[in-house]
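Chain by chain, the residues:
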Amino acid sequence: MKKILITGALGQIGTALTARMREKYGTENVLATDIHKPEGSTVVENGLFEYLDVTNYTAIEELVEKYKIDTIIHLAALLSAVAEAKPQLAWELNMGGLMNALEVARIHNLKFFTPSSIGAFGPQTPKDQTPQVTLQRPTTMYGVTKVSGELLCDYYYHKFNVDTRSVRFPGLISYEALPGGGTTDYAVDIYYKALEQNAYTSFIDRGTYMDMMYMPDAVEAIIRLMEAPVNQLINRNAFNVSAMSVCPEDFEKAIQKHIPDFKLSFEVDPVRQSIAESWPNSIDTTCARKEWNFSPKYTLERMTADMLEKLNKKK
Ligand code: AKB
C-alpha cells in the first residue's frame, strides 16, 4: 500500500495531483502538506493535511515517521518569474527544500519524485525538438535550481540508490488552482480573461513559442512515471514531457472558436519575455514515450474546450 507525502500541495500541480491521488490511492493514504493553510481549500478539507516548511529537515522527517510514508512527491518551489525577483530565497527554498526531502528519502528508503522544468534549459540549448540529453546552461535562478536539482537527484540515485524520478514540465494549464509567478502563466490567465472580459493583454510577445500541457496529462504523467517498473527506465535524469508547442496567437485562435469576438493584445514584460526566449520552442519527448508510455491526451483544441467549460462552471 502506498503512503504518499506531497509537499507544496496547495500549488498549481499539488492541488490537482492531491485530488487525483486521493481518488486513486485512497484519501487516508495521501498526506498533503504546505506552508499555507487557507480556509475552504479542498486540499486542506478533503483529506489529511499538515503544515510543513520544507526548509526544516526535522519537520519533514517527523511527518514521514508519523504517517509511515513510503513515497515523497516534492513540489514546493518558487517558479521562474518570482525566483528571478528573489534569487536568494529561490536557492534557499528550491535547493534547501530538495536536499532536505532527498535526505529524508535516503534515510527512510522512500521513493521520490520532484519536477524539473523546461526552465532547466538555456539559450545555448538546441531550440527545436530539444533532445533528452543536451547542453543545459540556464540563465535564470529558477533554471539554475532546476538543473542543480536534476543533478542532485541523479547523485542520490547513483550514490545512495534512492529511487528518484522526475520530468521536465512545460507550462501547465489548469482550472483548479492558479500558477504562482511563472513565465508560462499567461497561458492560464488568457482563459480567465477571455471569459471575464472577452480580451487579454499578453505579457509574452507574439510569435514566442513554448511547450505547454494540460494539467490532467501532467498528473497522469507523474502517476505513470512513478508506477513504471525500475528496469524500464533507462534515463534517470528528468524526462522531457510536453503536449504542444504554442505561441499566444495559437491560444487566440483556439479561444475564438468558442468566443468569436475575443481580442488579444500585447504589453510585453521584458523580464518574463527574456526568460521565455532563453527556453526551447519545442522539446523532444521520445524517451518518455518509449520508457514509460507517456502519452498526453489533450491537444490545444481539446484543452481549450475543456478549460472554458470548467471555468464557466466555476463562475
Ligand atoms: C514557469 O513558467 O516558471 C513554470 C515552468 C515552465 O517551469 N511554469
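For clarity, every value in this text was computed on a predicted model and none was experimentally measured.

Draft legend 1. Highlighting the overall build of the protein. The helix and strand inventory of the protein stands at 12 helices and 14 strands. A compact globule built from 315 residues would reach a C-alpha radius of gyration of about 20 Å, and the protein, at 19 Å, matches this within 12%. Seen along its three principal axes, the alpha-carbon backbone of the protein occupies a region of about 55 × 45 × 40 Å. Across the 315 residues of the protein, 57% fall into the buried class. Taking all contacts inside the protein whose residues are at least 6 apart in sequence as the whole, residues at least 24 apart take part in 78%. Between the centroid of the 33 positive side chains of the protein and the centroid of its 39 negative side chains there is a distance of 4 Å.

Draft legend 2. Here's a closer look at the site of the ligand. Taken together, Leu79, Ser80, Ser117, Ile118, Tyr142, Pro170, Gly171, Gly182, Thr183, Thr184 and Trp279 make up the full set of residues near the ligand. Within the contact set of the ligand, an oxygen atom lies 2.5 Å away from a side-chain nitrogen or oxygen of Ser80. Within the backbone of Thr183, an N or O atom sits 2.7 Å from an oxygen atom of the ligand. Coverage of the ligand by the protein chains reaches 94% of its 250 Å² of free accessible surface. Partitioning the shell around the ligand into residue classes produces five nonpolar, six polar and no charged. When residues are assigned to domains, the shell around the ligand turns out to be shared by domain 1 (4–170 + 213–240) and domain 2 (172–212 + 244–281 + 298–314), each giving three or more.

Draft legend 3. Seen up close, the sheet that holds strand β5 (residues 111–113). Strand order in the open sheet formed by six strands is β3-β2-β1-β4-β5-β7, and the pairing between neighbours is parallel. Either end of the sheet is taken by a strand with one partner, and the two such strands are β3 (48–51) and β7 (164–165). Judged from the three bridges that link them, strand β4 (residues 71–74) and β5 form a sheet pairing that is parallel. The residue of β5 that forms the bridge with Ile73 is Phe113. Lying over the sheet, helix α3 (residues 57–66) contacts β1 (4–7), β2 (30–34), β3 and β4, oriented at roughly 155° with respect to β3.

Draft legend 4. Region of the structure containing the nonpolar core. Phe112, Ile173, Tyr186, Tyr191, Met212, Phe251 and Met303 are the most contacted members of the largest nonpolar core, which totals 65 residues. Two domains each provide a minimum of three residues to this core, namely domain 1 (4–170 + 213–240) and domain 2 (172–212 + 244–281 + 298–314). Aside from chain neighbours lying at most four places away, what touches Met212 is Pro170, Gly171, Ile173, Thr184, Tyr186, Ala187, Ser242, Ala243, Met244, Val246 and Phe251. Among the nonpolar cores identified, the runner-up in size contains 36 residues, and Ile4, Ala9, Phe49 and Phe113 belong to it.

Parameters at a glance
- Residues numbered from 1 in each chain as written.
- Predicted model: local features only at pLDDT ≥ 70, side-chain atom pairs only at ≥ 80, totals over all residues.
- Heavy atoms only, no water.
- Helix = DSSP H or I, 4+ residues; strand = E, 2+ residues; numbered from the N terminus.
- Rg over C-alpha atoms; globule rule 2.2 N^0.38 Å.
- Buried < 20%, exposed > 50% of the residue type's maximum accessible area, 1.4 Å probe, protein only.
- Contact = heavy atoms within 4.5 Å.
- Lys, Arg positive; Asp, Glu negative; His and termini not counted.
- Charge placed at Lys NZ, Arg CZ, Asp CG, Glu CD.
- Near = heavy atom within 4 Å.
- Polar contact = N/O pair within 3.5 Å; in protein donor to acceptor, adjacent residues only side chain to side chain.
- Areas by Shrake-Rupley, 256 points an atom, 1.4 Å probe, with all protein chains shown as cover.
- Nonpolar A, V, L, I, M, F, W, Y, C, P; charged D, E, K, R; others polar.
- Domains from an automatic or database assignment.
- Pairing = 2+ DSSP bridges.
- Axes fitted to C-alpha atoms, helices over the stretch in contact; angles between N-to-C directions.
- Core = buried A, V, L, I, M, F, W, Y, C linked by side-chain atoms within 4.5 Å.

What is shown is where atoms sit, not what they do.
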